[in-house]
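The residues making up each chain are set out below.
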Amino acid sequence: MFLILGFGNPGSRYELTRHNAGFLALDNLADKYKIKLAQHKYRSLYGKGEIEGLPVILIKPMTYMNLSGESVGKAMRFFRIPLERVLVVHDELDLEHVARDRLHMRAQVQLGKLVDELVDHVVMGRVRVLGSSADFDDALSFQALPNGNYEIGIHIADVSHYVQPGSILDEEAYNRATSVYLVDRVVPMLPEKLSNGVCSLRPNEEKFTFSAVFEIDSNGKIKQEWFGRTVIHSDRRFTYEEAQEIIETGEGELHEEIGIMDRIAKKLRKKRFRAGAVSFDRVEVKFELNQEDNATPIGVYFKEAKDSNKLIEEYMLLANRKVAQYIGDKQKNKNPKTFVYRIHDKPKPDKFDQFANFIVQFGLNVERGENANISKSLNEVLDAVKGKKEGNMIQTLAVRTMAKAEYSTNNIGHYGLAFDYYSHFTSPIRRYPDVMVHRLLQHYLDGGKTADENEYEEKCIHSSKMEKQASDAERDSIKYKQVEFMSKHLGERFKAIISGVTDWAIYAEIQENLCEGMISIRNLTDDTYVLDADNYCIIGQTTGNKYQMGDEILVEIKNADLSKKQLDFTLVYSLEKPEPEYGNEWDFEV
């Protein structure tokens, strides 16, 4: 059951009194939908303390007063009803609209059970939104509790309300499986009217969401959890930059709430790494595009995750982990039901050994062997190279030693995050597996039987395949824009780090913008070079001259081929060796 309150002029049907608190006699609406309205009196609710835990629908005439009005505020305090649990509707038609929308979402729900079903659906949060994603698909809510703990809600756009199984919309979303984020455009999984409109959690609008709500103490320990469909109203949206400034200065709107959430997020992050998570805080390459065509790159800059980004990340990880654990925990569920997991296997020993052997030349070591704490020592290596010239190259190599994360109904945990249970729940606007997770979670919350494992495993395989295609396209898009940007710098010289070697070329990454190009081995005329794959280098057969990954060199931009997405460099000289005095000949010391 949920609580309906009416506010209005004295003597009107909307008047708030002790006698009508707890119900509103909407006879026509109740008869139409066969709704049995709550008939509890104020005293009984107040005496049992039940009023604080009830979702509330607030009925008020549109012309009478604003929600923030003094009279309403007094009434809410009088009845001890927090604004965080209030959904505002202006009259019977508004309430009917809410009911009809929810019935559309849950078509199989019988009208006579509407009230009971709405208990899990109509919970109104005055939500403070953090984040700056283009999709606006997630929001956070915060409330300090009387017992000293905090209620933190992770609210995710309820895409599965609009994308119904078997519909043309669902078929197309499944086929795409993911949005593709190119440098100058987005190829969305869903139509723009959904992704940027109806589903987008824009401020000052009521939106349908699927929520994971946690009671959490100041040390980041979860005391209680709740999952279900909700309706939220976003009070405020912060960009990452705005939230970061509040975190750094301790001043600004909602600074106390943001500060508390930040401190808890840092404790969650610390616990995760203590449990064995791997920290891949790689620098992200971004382009400044010409404003006239929003396509031509005119600058390159780096984006690094700050505390505000990590705050959002930790709460998204928490929701993803707890949703997966709720369904898959074998200690609680003897026969876990079919679910969509995000899995990540351990590193392959041969690749990891090769990486470990290579980084020794930089004075770095990682533990090896069956009982080795690989993640801990790998984090120490990644922390040691942060900010150094070889840092990005070593991080890239470390990533390559890892298995690829993928979707599966067979849960093996997530090695990189150090989670026994993990799923993708938080981005259904851009990932189809999240839509599947929402559907399965609601199905099981409703007491449904386990879904067909073979059917969902097939969908997982398809989603993993499409994710890889999208990742390749995004990487190609970045490469294309890098080549386009560097085409304006032909003949110029740059310091670079050797980022790869093959039997036909040296690959090097320009330090100031991370644009990568190649130096053809056939253009190295001072010797005949052969590849030493185990040591990531090429070696001159006559001179013994060596070019190895991590070496610093000076290159000149020779050619920029947009059709091949390829930059060609000319090697000027190695900065690891003395600069030659004459022409292209090397001055070696023997």
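Residues numbered from 1 in each chain as written. Predicted model: local features only at pLDDT ≥ 70, side-chain atom pairs only at ≥ 80, totals over all residues. Heavy atoms only, no water.

Draft legend 1. Region of interest: the overall build of the protein chain. Across its full length, the protein chain carries 16 helices and 22 strands. Here the protein chain holds 590 residues, and 51% of them are scored as buried. Sequence separation of 24 or more characterises 65% of the internal contacts of the protein chain that already satisfy a separation of 6 or more. (Helix = DSSP H or I, 4+ residues; strand = E, 2+ residues; numbered from the N terminus. Buried < 20%, exposed > 50% of the residue type's maximum accessible area, 1.4 Å probe, protein only. Contact = heavy atoms within 4.5 Å.)

Draft legend 2. Up close: the sheet that holds strand 20 (residues 546-548). Spatial ordering of the open sheet is given by 18-19-20, a layout of three strands whose pairing is antiparallel. If you trace the sheet from one side to the other, it starts and ends with strand 18 (529-532) and strand 20, each paired once. Averaged over all neighbouring strand pairs, the angle between strand axes comes to 20 degrees, with direction disregarded. (Pairing = 2+ DSSP bridges. Axes fitted to C-alpha atoms, helices over the stretch in contact; angles between N-to-C directions.)

Draft legend 3. Seen up close, the pattern of salt bridges. Following the criterion strictly, the structure yields 26 salt bridges and no others. Where Arg 236 meets Glu 242, a salt bridge forms, and the shortest distance between an N and an O atom there is 3.5 Å. A salt bridge links Arg 475 to Asp 472; its shortest N-O distance comes to 2.6 Å. Here the residue Arg 475 and the residue Asp 472 both occupy positions in helix 16 (residues 453-486), the gap between them amounting to three residues, near one helical turn. Connected through salt bridges with shared partners, the residues Asp 184, Arg 185, Lys 481 and Glu 484 form a single ionic network. (Salt bridge = Lys/Arg side-chain N within 4 Å of Asp/Glu carboxyl O.)

Draft legend 4. Layout of the packing of aromatic side chains. Scanning the model with the defined rule gives 12 aromatic pairs in all. A centroid spacing of 5.7 Å and a plane angle of 50 degrees characterise the contact between Tyr 529 and Tyr 547, whose relative ring orientation is tilted. Taken as a pair, Tyr 529 in strand 18 and Tyr 547 in strand 20 lie far apart in primary sequence, 18 residues in all. Per residue, the accessibility class of Tyr 529 equals that of Tyr 547, and both read buried. A network of ring pairs unites the aromatic residues Phe 214, Phe 227 and Tyr 326 as a single cluster. The ring of Phe 238 is capped by Arg 236, whose NZ or CZ atom sits 4.1 Å from the centre of that ring. For the cation-ring pair, Arg 342 lies above Tyr 407, with the distance from its terminal atom to the ring centre recorded as 4.6 Å. (Phe/Tyr/Trp six-rings, centres within 6.5 Å; stacked < 30°, edge-to-face > 60°. Lys NZ or Arg CZ within 6 Å of the ring centre and 35° of its normal.)

Draft legend 5. Fine view of the environment of Ile 557. Tracing the sequence through the fold places Ile 557 in strand 21 (residues 552-561). Sequence-distant contacts of Ile 557, defined by excluding residues within four places in its chain, comprise Met 486, His 489, Leu 490, Gly 491, Glu 492, Phe 494, Ile 510, Asp 568 and Phe 569.

Draft legend 6. Spatial organisation of the nonpolar core. Counting 64 residues, the largest nonpolar core has Tyr 315 and Phe 425 as the members making the most contacts within it. In terms of residue count, the dominant contributor to this core is helix 11 (residues 307-328) (nine residues). Those residues in contact with Tyr 315 that lie beyond four places of it in its chain are Leu 140, Ile 152, Ile 154, Met 261, Ile 264, Ala 265 and Leu 268. One finds Ala 372, Ala 508, Ile 521 and Leu 571 within the second-largest nonpolar core, a separate group that totals 45 residues. (Core = buried A, V, L, I, M, F, W, Y, C linked by side-chain atoms within 4.5 Å.)

Draft legend 7. Geometry of the environment of Trp 504. Mapped onto the elements of the fold, Trp 504 is located in the loop between strand 15 (493-501) and strand 16 (505-510). For Trp 504 and Met 518, which are 14 residues apart along the polypeptide, the C-alpha to C-alpha distance reads 9.6 Å. In this structure the side chain of Trp 504 is engaged in a polar contact, spanning 3.3 Å, whose partner is the side chain of Tyr 507. (Polar contact = N/O pair within 3.5 Å; in protein donor to acceptor, adjacent residues only side chain to side chain.)

Draft legend 8. Structural view of the side chain of Asp 568. Considering the arrangement of structural elements, one finds Asp 568 in strand 22 (residues 566-574). The side chain of Asp 568 is buried and forms no salt bridge, while Lys 558, the nearest opposite charge, is found at 6.3 Å. At 2.9 Å, the side chain of Asp 568 and the side chain of Gln 566 are in polar contact. Discounting chain neighbours no more than four positions away, the residues touching Asp 568 are Met 518, Glu 556, Ile 557, Lys 558 and Asn 559. (Lys, Arg positive; Asp, Glu negative; His and termini not counted.)

Draft legend 9. Layout of the packing of helix 7 (residues 168-176) against helix 16. Relative to each other, helix 7 and helix 16 sit at 60 degrees, their axes nearing to 8 Å. Relative to helix 16, the element helix 7 is oriented oblique. Where helix 7 abuts helix 16, its residues Tyr 174, Asn 175 and Arg 176 lie against Glu 458, Lys 459, His 462 and Met 466. Class assignment of the residues belonging to the contact of helix 7 with helix 16 gives a composition of two nonpolar, two polar and three charged. (Parallel < 35°, antiparallel > 145°, perpendicular 65-115°, else oblique. Nonpolar A, V, L, I, M, F, W, Y, C, P; charged D, E, K, R; others polar.)

Draft legend 10. Region of the structure containing the side chain of Arg 269. Along the chain, the position of Arg 269 falls in helix 10 (residues 255-274). Its relative accessible area of 13% is what places Arg 269 among the buried residues. The residues contacting Arg 269, other than those within four sequence positions of it, are Ser 279, Asp 281, Lys 310, Glu 313 and Glu 314.

Draft legend 11. Spatial organisation of the pairing of strand 19 (residues 537-540). Here strand 18 runs beside strand 19; their pairing, made up of four bridges, is antiparallel. Residue Tyr 529 lies in a different strand from strand 19, and its bridge partner there is Gly 540. Between the antiparallel neighbours strand 19 and strand 20 lie five residues, among them Gly 544 with a positive phi of about 75 degrees.

Draft legend 12. Representation of the confidence of the model for the protein chain in the model. Here the protein chain averages 78 in pLDDT, and 74% of its residues register 70 or above. Counted against residues more than four places away or in other chains, residues 1-134, with its pLDDT under 50, gives 264 contacts. Low pLDDT (under 50) marks residues 580-590, which in the prediction has 13 contacts with non-local residues, meaning those over four places away or in another chain. (pLDDT = per-residue confidence, 0-100.)

Draft legend 13. Main features of the pairing of strand 17 (residues 516-520). Judged by how many residues are buried, strand 17 sits mostly within the fold: four of five residues are covered. Bridge count for strand 16 against strand 17 is five bridges, and the pairing is antiparallel. Along strand 17, the bridge assignment pairs Tyr 507 with Met 518.

Draft legend 14. Structural detail: unusual backbone geometry. Phi at Ala 177 is positive, roughly 70 degrees, even though this residue is not glycine. Along the chain, the position of Ala 177 falls in the loop between helix 7 and strand 7 (180-181). Unusually for a residue other than glycine, Ala 418 sits at a positive phi of about 60 degrees. Structurally, the position occupied by Ala 418 is in the loop between strand 14 (406-408) and helix 15 (432-445).

Draft legend 15. Representation of helix 12 (residues 349-358) within the structure. Along helix 12, the residues classified as buried are Phe 352, Phe 355, Ala 356 and Phe 358. One side of helix 12 carries all its buried residues, which in axial view fall inside an arc of 165 degrees. Relative to its buried face, helix 12 has exposed residues pointing more than 90 degrees away, namely Pro 349 and Asp 350. Where helix 12 is buried, its residues meet helix 13 (374-385), helix 14 (391-401) and strand 20. (Arc of directions from axis to C-beta.)

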